[in-house]
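Here's the letter readout for the chains.
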Amino acid sequence: PVGPGGVPVDLSFLNKDEGGNFIPAGAHGFVAATNGNFVFEDGTPARFWGLNCTAGAALSGTNRASQLADRLARLGVNVVRLHHLDSWASPIINYNHPNGTTQHLYEPSMTNLDAMIYNLKLRGIHTILDPWVQRCFKPADGVADYGHYGERNNFYLHPWVYMDARMQELIGLTWSQIWNHVNVFTGVAYKDEPAMIITEVINEGLMQRGANNVSREPWITTFTNGYEVWARLNGYKTNVGMSIISQNYGEANLRYYNYVHHNFY
């Protein structure tokens, strides 16, 4: 059993010092990738063993955060990916803000996220932040053709965001708000928190499933014309038409998808 009552073998010692005290996550500084390995800022080698903590579990408040952190420490976990933070269970985006936009964080949920990060940190568990999963917009956000994207509909947004300047502007705003947010339990802004080791920009973006979700104009033309320009400059076959969207295989297609990703990031 791995429930609240315990585990067959308590592995929490892996996150403790010789005196049996937890070493807080981030104690060795920020993590970096060096020669294909993770290394902490002070030179300590880093290896991670972890899992996802999703939606309601990640945003369930101080008491639940403490319970989960205890359980995960006993399982020997030292990293947790906090996932679906903007989705259906107490999202960190305020979808009901009085001004009708989705351009504000929901502070009660941010406090719950603070609690999760803090409790994990105390037990030597690092975090990976995944703040864009089911992000949506409302008419007041000024996203063109809003009505065709679907409200709170996860993957409908992912193709368009790689090409839509207004969506990208709103992503930048949300990222700025999140990373400048100060954790009420630690007094440290997320951007300055070494217990956070990695972040995603967008969960399961367009190129993981090919480009076949690019199904509306003007984005079909934008995407296919973009390929033609890229192909001419890079010596790949041109005049391929819709196959650049319908076929998510072949070297030219994959390299172009990679190019679109890099441009976005």
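Throughout what follows, the structure given in this document is the object of discussion. (Residues numbered from 1 in each chain as written. Predicted model: local features only at pLDDT ≥ 70, side-chain atom pairs only at ≥ 80, totals over all residues. Heavy atoms only, no water.)

A word on the sheet that holds strand β1 (residues 31-34)
Right, on to step 1. Read across the open sheet, the 3 strands follow the order β1-β2-β3; overall the sheet is antiparallel. The sheet is open, and its two borders are formed by β1 and β3 (45-46), each paired with just one other strand. (Pairing = 2+ DSSP bridges. Helix = DSSP H or I, 4+ residues; strand = E, 2+ residues; numbered from the N terminus.)

Comments concerning helix α7 (residues 251-264)
Right, on to step 1. For α7, with 14 residues, the first-to-last C-alpha span of 20 Å sits near the 20 Å given by 1.5 Å per residue.
Right, on to step 2. Buried within α7 are the following residues: A252, N253, Y256, Y257, V260, H261 and F264. (Expected span 1.5 Å × (residues − 1). Buried < 20%, exposed > 50% of the residue type's maximum accessible area, 1.4 Å probe, protein only.)

Let's talk about the nonpolar core
Right, on to step 1. One finds L82, L113, Y190 and F223 to be the most contacted residues of the largest nonpolar core, which totals 56 residues.
Right, on to step 2. For this core, the elements supplying multiple residues, two or more each, are α1 (62-74), β5 (79-83), α2 (107-122), α3 (157-161), α4 (165-180), α5 (219-234), α6 (243-246) and α7.
Right, on to step 3. In this structure, Y190 is in contact with M110, L113, D114, I117, L129, I178, W179, H181, N183 and M196, ignoring residues within four places of it in sequence.
Right, on to step 4. Judged by nonpolar contacts, the second largest core, of 6 residues, contains V31, F40, A46 and I128. (Core = buried A, V, L, I, M, F, W, Y, C linked by side-chain atoms within 4.5 Å. Contact = heavy atoms within 4.5 Å.)

Some details on the packing of α5 against α7
Right, on to step 1. Two numbers describe how α5 lies on α7: the axes approach to 11 Å, and their chain directions differ by 105 degrees. Comparing the axis directions of α5 and α7 gives the class roughly perpendicular. Two secondary-structure elements touch here, α5 through F223, G226, Y227 and W230 and α7 through A252, R255, Y256, Y257, Y259 and V260.
Right, on to step 2. Grouping the constituent residues of the contact of α5 with α7 by class yields 8 nonpolar, 1 polar and 1 charged. (Axes fitted to C-alpha atoms, helices over the stretch in contact; angles between N-to-C directions. Parallel < 35°, antiparallel > 145°, perpendicular 65-115°, else oblique. Nonpolar A, V, L, I, M, F, W, Y, C, P; charged D, E, K, R; others polar.)

By themselves, these are just geometric observations and shouldn't be taken as functional.
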